[in-house]
Amino acid sequence: MHVLLVASEFHPYSKTGGLADAAGALARWLARAGVQVSVVTPFYRMVQRKAPTLQRPGWRFAIPLEDSLVEGEFHVAHTEPNLRIWFVEQPEFFDRAELYNEGIQDYPDNAERFVFFSKAAVLLARYLPDPPQIVHCHDWQTGLVPLFIQYQRTTTVWKNPPRTLFTIHNLAYQGWFPPSVWGLTNLPDSWFHLESASHFGRFNFLKAGLCLADFLSTVSRTYADEITTPEFGCGLDGLLGRRRSDLVGILNGVDYGEWNTSNNPALAYSFGPDALDGKTEIKKALQSELGLPVLPECPLFSNISRLTWQKGCDFLYEALEALLPDNSFQFVGLGNGDPDLETALSELASRHPEKVAAHVGFNAALAQRLEAGSDFFIMPSRFEPCGLNQMYSLRYGAIPLVRATGGLEDSVVDPRDDANTATGIKFHEPTAAALAHAVRKALALYENPEAYRFIQRNGMQADFSWERRVREYIRLYENLVVV
Ligand code: ADP
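What you see is a predicted model, and the numbers here were worked out from it, not measured in a lab. Residue numbers here run from 1 along each chain, matching the order of that chain's written sequence. It should be noted that, the model being predicted, local features are given only for residues of pLDDT at least 70 and side-chain atom pairs only at 80 or more, the latter also being counted only at that level, while totals for whole chains, interfaces and linings use all residues. Computation of side-chain values covers all heavy atoms of the structure but excludes hydrogens and water.

Caption draft 1: Examining the site of the ligand more closely. The criterion for a residue being near a molecule or strand is simple. One of its heavy atoms has to lie within 4 Å of it. Taken together, 20 residues sit near the ligand, with Gly18, Asp21, Arg306, Lys311 and Gly361 positioned nearest. The separation between an oxygen atom of the ligand and a polar side-chain atom of Asp21 is 2.9 Å. One nitrogen or oxygen atom from the side chain of Lys311 is found 2.8 Å from an oxygen atom belonging to the ligand. Isolated, the ligand exposes 550 Å² of accessible area, and the fraction of that covered by the protein chains is 93%. Working definition: helices are DSSP H or I runs of at least four residues, strands are E runs of at least two. Numbering for both runs from the N terminus. Take the shell around the ligand: its biggest share by element is three residues, from strand S15 (residues 300-307). Considering only residue class, the shell around the ligand consists of eight nonpolar, eight polar and four charged. Under the rule applied, a polar contact is a pair of N or O atoms within 3.5 Å (in protein, one hydrogen donor and one hydrogen acceptor; residues adjacent in sequence only if both atoms are side-chain atoms). Using a 1.4 Å probe, accessible areas were evaluated by the Shrake-Rupley method; residue-level cover was limited to the displayed protein chains. Gly is placed with the polar residues, together with every amino acid not listed as nonpolar (Ala, Val, Leu, Ile, Met, Phe, Trp, Tyr, Cys and Pro) or charged (Asp, Glu, Lys and Arg).

See the structure below:
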């Protein structure tokens, strides 16, 4: 079986969020399970700094974008057995400071950039000497790939074209553009309609993928249900409801090679479910590093997040503001994104310097220390397709306190769901009051070391490994190929 993964970010070379982690780990674990994996991903500036040894010169190509012909080059890297990564080099499009936007401003030519990238991916799928049986696309940046494949399947002679799987990592990002952008596809206007990329008068890249991929998946079972409802469907719930029998939810896994509590170069001390001294040392070092009083007995909560409405940090900070004066705990927030939320986080820390530390920015090394040094990890998302941090925090012994939605619902067990297998605390309403109530429960739990340790240990022993997840993907690929 040969699978081509098409992803606009791919850990460890490029990343803005969980998509990169998921695509990177899926590729590696599929390869380790014996699947031939090719990945196609842009050659961003941040990739150039980290790229493995590349075969140069690469494979040059030219792609039509409306009336222009744009040149590009594929560079391939063989990073481990069964895994080839095809980087798409096109300096004007990808040699930039960021991936999609700078500040809150999207790059104005994102349509050109990702039409080009999608056409390059289809070129690879079609002309690789060993063509893939499956093309597996991820999120809106690759939504046009199933459309281009479907077009070529029906209008040209393509012997054994691949089957397509489209995975939704986050339905809220759809890639909306004015309909005039359709010209970049170089497809006939008759292909722009309500069963392809036309959506409320706009050109919607994600919708093209949802309509034209042979099969769909998303990253948790609960989110697969949620997105067929108006509350979570982002205007696509009708379409997803109609395709419900072609849509499955497969939870993302954790790369325990990287998110590992022993002999991890990112952590100064090792620890495990039965040896927690190292965790206490990390906590003390973290408190000192962040300028908080070094109090190993004081419960430490943390949150690591893109600062967006989705993640619920607005009502998190509101809840903390209400709780901090009368309760003894510390909180560390790490995140960046919406400038108003960045300010709200910084202001929370300046109002409560003895109890709150804020780090505005993206800092992967600090993220590891935070998960390891915290007693609780708060994830108050309004919606959460899968979420990774709650699974990292489980392994790192930071009991997750989550809103019961999407992958958070599927990966955390509240004592009310099952007291014996409980791993965290859930709350339901996306409000400061509901979250504050959950924090109070966490504080009460911390007061009872035996109960706290029981839940913490359950979480540390939970297995969200990719080895298990890739089996589900392989089954899906096999079913797709035989249909
Ligand atoms: P999403 O993909 O919606 O941002 P996930 O929980 O699925 O959320 O994945 C987020 C990933 O990005 C995790 O690996 C998390 O640690 C990381 N991350 C997010 N924000 C930051 C930050 N400011 N600094 C370091 N890592 C971050």
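Caption draft 2: Expanded view of the packing of aromatic side chains. The rule is short: rings of Phe, Tyr and Trp, with Trp giving its six-membered ring, pair when the centres are within 6.5 Å, and they are stacked under 30 degrees, edge-to-face over 60, tilted in between. In total, this model carries 32 aromatic pairs according to the counting rule given. Ring plane angle 90 degrees and centroid distance 6.4 Å describe the contact between Phe114 and Phe117, whose orientation is recorded as edge-to-face. Pair noted here: Phe114 and Phe117 are both in helix H4 (residues 110-127), with a separation of three residues, about one helical turn. Here Trp259 and Tyr392 contribute two aromatic rings whose centre-to-centre distance is 3.7 Å and whose plane-to-plane angle is 5 degrees, an arrangement assigned as stacked. Of this pair, Trp259 sits in the loop between strand S14 (247-249) and helix H9 (277-289) while Tyr392 is found in helix H13 (residues 389-395), placing the two residues 133 residues apart along the sequence. Across the pair, Tyr392 and Trp259 agree in class, each one buried. A simple rule labels every residue: compare its accessible area, found with a 1.4 Å probe on the protein chains alone, to the largest value its type can have, and call it buried under 20%, exposed over 50%, or partly exposed in between.

Caption draft 3: Looking closely at the layout of surface pockets. Cavity means a closed set of points on a 1 Å grid over the protein atoms alone, one where a 1.4 Å probe fits but cannot get out, pocket means an open set with protein on both sides within 12 Å along at least 5 of 7 lines, and lining means a residue has an atom within 4 Å of a point. Grid points are joined across faces, edges and corners, and a volume is the space filled by probe spheres set on the points. When its volume is computed, the second largest pocket comes out at roughly 340 Å³. If you trace the second largest pocket, you find 13 residues lining it, with Thr280, Pro296, Asp375, Tyr446 and Tyr452 closest to the centre. When residues of the lining of the second largest pocket are assigned to their parent elements, the largest contribution, four residues, is made by helix H16 (residues 449-461). Here the lining of the second largest pocket is built from residues that sort into five nonpolar, three polar and five charged.

Caption draft 4: Representation of unusual backbone geometry within the structure. For the peptide bond that leads from His11 to Pro12, omega is 10 degrees, which places it in the cis range. Assignment of secondary structure puts Pro12 in the loop between strand S1 (2-6) and helix H1 (18-32). In this structure, Glu66 takes a positive phi of about 55 degrees despite not being glycine. Within the element layout of this structure, Glu66 appears in the loop between strand S3 (55-65) and strand S4 (68-80). Here the phi dihedral of Asn82 falls at roughly 70 degrees; this positive angle occurs in a residue that is not glycine. Residue position: Asn82 is located in the loop between S4 and strand S5 (83-89). Residue class for Asn82 comes out partly exposed when judged on its relative accessible area of 29%.

Caption draft 5: Just the environment of Glu318, in detail. Considering the arrangement of structural elements, one finds Glu318 in helix H10 (residues 313-323). Each C-alpha atom, one on Glu318 and one on Phe454, is 30 Å from the other, the two residues being 136 residues apart in sequence.

Caption draft 6: Molecular detail of the sheet that holds strand S17 (residues 356-360). With parallel pairing, six strands are arranged side by side in an open sheet as S17-S16-S15-S18-S19-S20. Because the sheet does not close on itself, it has two edges, and the strands there are S17 and strand S20 (425-427). Strand-to-strand twist of the sheet, defined as the mean angle between neighbouring strand axes without regard to direction, takes the value 15 degrees. Pairing between strands is defined by DSSP: at least two bridges between them are needed. Bridge count between S15 and strand S16 (residues 330-337): eight bridges; the pairing is parallel. By the bridge assignment, Phe301 is partnered in S16 with Phe331. On the sheet, H10 packs against S15, S16, strand S18 (376-379) and S20 and is oriented at approximately 155 degrees with respect to S15. Lines fitted to C-alpha atoms define the axes here, with helix axes fitted over just the stretch in contact, and angles between the N-to-C directions of these axes take values from 0 to 180 degrees. Here a residue-residue contact requires only that any non-hydrogen atoms of the pair lie within 4.5 Å.

Caption draft 7: Region of the structure containing the packing of H1 against helix H17 (residues 466-482). It is at 9 Å that the axes of H1 and H17 come closest, and there the two elements cross at 80 degrees. By the angle class used here, H1 and H17 are roughly perpendicular. Packed against H1, whose contacting residues are Ala22, Ala25, Leu26, Trp29 and Leu30, the element H17 presents Trp466, Glu467, Val470, Tyr473, Ile474 and Tyr477 at the interface. Split into classes, the residues belonging to the contact of H1 with H17 amount to 10 nonpolar, no polar and one charged. For classification purposes, an angle smaller than 35 degrees is called roughly parallel, one larger than 145 roughly antiparallel, one from 65 to 115 roughly perpendicular, and anything else oblique.

Caption draft 8: Geometry of the side chain of Gln310. Within the fold, Gln310 resides in the loop between S15 and H10. Ignoring anything within four residues of it in the chain, the contact list for Gln310 reads Asn170, Tyr173, Ser381, Arg382, Phe383, Glu384 and Pro385.

Note that every value here comes from positions in space, so none of it alone points to a role or purpose.
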